[in-house]
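Each chain is listed here by its residues.
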Amino acid sequence: MTHVWYVAYGSNLSLDRLTCYVEGGCPPGGTRAHPGARDRTPPLRSIPVDLPGTTYFAGRSAQWGGAVAFYDHATPGRTAARGYLVSAGQFADIAAQEMHRDPRADDPLEQLVLAPLPDGRHEVGPGGYETVVDVGRHDGAPMLTFTAPHTAATAERSRPSAAYLATMARGLGEAHGWEEPVAHDYLAGLQNLA
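This is a predicted model, so every value here is computed, not measured.

Q: It is not clear to me how the pairing of strand S2 (residues 46–52) should be interpreted in this structure. Could you clarify?
A: Regular strands place their side chains on alternate faces of the sheet. Residues of S2 alternate between two faces, with Ile47, Val49 and Leu51 buried on one and Ser46, Pro48, Asp50 and Pro52 left unburied on the opposite face. As defined by bridge partners, S2 adjoins strand S5 (residues 78–87) across seven bridges and the pair is classed as antiparallel. Its bridge partner lying in S5, valine 49 is registered against alanine 81.

Structure below.
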C-alpha cells in the first residue's frame, strides 16, 4: 500500500485550495503561497465523505484573516468532508504545510500513516492540524484527517472570514453536489454551534 485517503473538511474541500498544497501557490482569497508537495501529481480520485462528529471554527489564520475549521470526532454531529486519494508522501507534505512547515523527504509521518495509528490517532505536535485521526477505510486504504488536540467544547470559538467560507462552500458543491444555499445553510449551522 502506497496511498491513503486524505479527508478534508475545511478549505481543502475545494480542489483549487488543495492544489496549492500539491502544486504550490496561493489559494484564491488567501494571503500566502505554499511551496507545494514533493510529488505534484494531482490526487488519483476524490469522493464525498460524511463523518460522524462535528466541525467547529476556532483560532485565527494569517492566511484567511479569521477562524479555520477543526474536526472533533468525539462530539456528536455530522461533518461533510471530501476524500482525496494521495500518496503517503503527499499526505505528509500536505500536513507539513498545514503545520506551517516545509515538506521534507525524511518526514516520519509518511511511513506512520501506512500502518494503523495507535488508538486511531497520532499527535505530531500541540498545534492546530498536528493531530492525525484515522476516520475509516475506503477501497482498502486508510482514511485520515488532521485536526487540533483540543475539542469543540474546550476550544475558544471564533468566526471564519468570508473568503474561507466561500472556499468551503465551493468544495461542498464539488464534493457533494450541494447547491449554494444548501452549502451556506450547513456552514451557518456550524457557526451557530456553541
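Q: I'm lost on helix H2 (residues 88–98) in this one. Help?
A: With eleven of eleven residues buried, H2 lies mostly within the body of the structure. For H2, the full list of buried residues reads Ala88, Gly89, Gln90, Phe91, Ala92, Asp93, Ile94, Ala95, Ala96, Gln97 and Glu98. Turning to H2, the residues buried within the fold contact strand S1 (3–8), helix H1 (15–22), S5, helix H3 (109–112), strand S7 (131–138) and strand S8 (141–147). One or two residues past the end of H2 sits histidine 100, with phi positive at roughly 65°.

Q: Where do I start with the packing of aromatic side chains in this structure?
A: For any pair of aromatic rings, the description consists of the separation of the ring centres together with the inter-plane angle of the planes. Summed over the entire model, instances satisfying the criterion amount to eleven aromatic pairs. A centroid spacing of 6.4 Å and a plane angle of 85° characterise the contact between phenylalanine 57 and tyrosine 164, whose relative ring orientation is edge-to-face. One end of the pair, phenylalanine 57, is in strand S3 (residues 54–58); the other, tyrosine 164, is in helix H4 (residues 162–176), and 107 residues separate them in sequence. For the pair formed by phenylalanine 57 and tyrosine 164, the shared burial category is buried. Summarising the aromatic geometry, the rings of tryptophan 64 and tyrosine 164 are spaced 5.5 Å apart at their centres and angled 75° between planes, so their arrangement reads as edge-to-face. Of the two residues, tryptophan 64 is situated in the loop between S3 and strand S4 (68–72) and tyrosine 164 in helix H4; the sequence distance between them amounts to 100 residues. Through pairs of rings, three or more aromatic residues link up here, namely Tyr6, Tyr56, Phe70, Tyr84, Phe91, Tyr129 and Phe146.

Q: How should the nonpolar core be read in this particular structure?
A: In summary, soluble globular proteins display a tendency toward joint burial of nonpolar side chains. Counting 55 residues, the largest nonpolar core has Tyr6, Phe57, Phe91, Tyr164, Leu172 and Leu187 as the members making the most contacts within it. If sequence neighbours within four positions are ignored, phenylalanine 57 has contacts with Ala67, Val68, Ala69, Arg157, Ser158, Pro160, Tyr164, Leu165, Met168, Leu187, Leu190 and Gln191.

Q: Just to check I follow, could you spell out the environment of glutamate 156 for this structure?
A: Here glutamate 156 shows up in the loop between S8 and H4. When its relative accessible area of 72% is taken as the criterion, glutamate 156 is described as exposed. Taking the C-alpha atoms as reference, glutamate 156 lies 25 Å from arginine 17; in sequence the two are 139 residues apart. In this structure glutamate 156 touches Ala58 and Gly59, once residues within four positions along its chain are discounted.

Q: Sorry, what's going on with H4 here?
A: Its 15 residues give H4 an end-to-end C-alpha distance of 21 Å, which sits within 8% of 21 Å, the value for a rise of 1.5 Å per residue. Looking at H4, one finds that the buried residues are Tyr164, Leu165, Thr167, Met168, Ala169, Gly171, Leu172, Ala175 and His176. On its buried side, H4 packs onto H1, S2, S3, S4, S5 and helix H5 (180–192). Downstream of H4 by one or two residues, glycine 177 has phi in the positive range, about 75°.

Q: Would you mind going over unusual backbone geometry with me for this structure?
A: The general pattern is negative phi for most residues beyond glycine and trans for most peptide bonds. The backbone phi angle of histidine 100 is positive, close to 65°, even though this residue is not glycine. Summarising the element assignment, histidine 100 is placed in the loop between H2 and H3. Using a relative accessible area of 62% as the deciding quantity, one classes histidine 100 as exposed. In this model, aspartate 119 sits at a positive phi of 60°, which is unusual for a non-glycine residue. Mapped onto the elements, aspartate 119 comes out in the loop between H3 and strand S6 (121–123).

Conventions adopted
- Residues numbered from 1 in each chain as written.
- Predicted model: local features only at pLDDT ≥ 70, side-chain atom pairs only at ≥ 80, totals over all residues.
- Heavy atoms only, no water.
- Buried < 20%, exposed > 50% of the residue type's maximum accessible area, 1.4 Å probe, protein only.
- Helix = DSSP H or I, 4+ residues; strand = E, 2+ residues; numbered from the N terminus.
- Pairing = 2+ DSSP bridges.
- Contact = heavy atoms within 4.5 Å.
- Phe/Tyr/Trp six-rings, centres within 6.5 Å; stacked < 30°, edge-to-face > 60°.
- Core = buried A, V, L, I, M, F, W, Y, C linked by side-chain atoms within 4.5 Å.
- Expected span 1.5 Å × (residues − 1).

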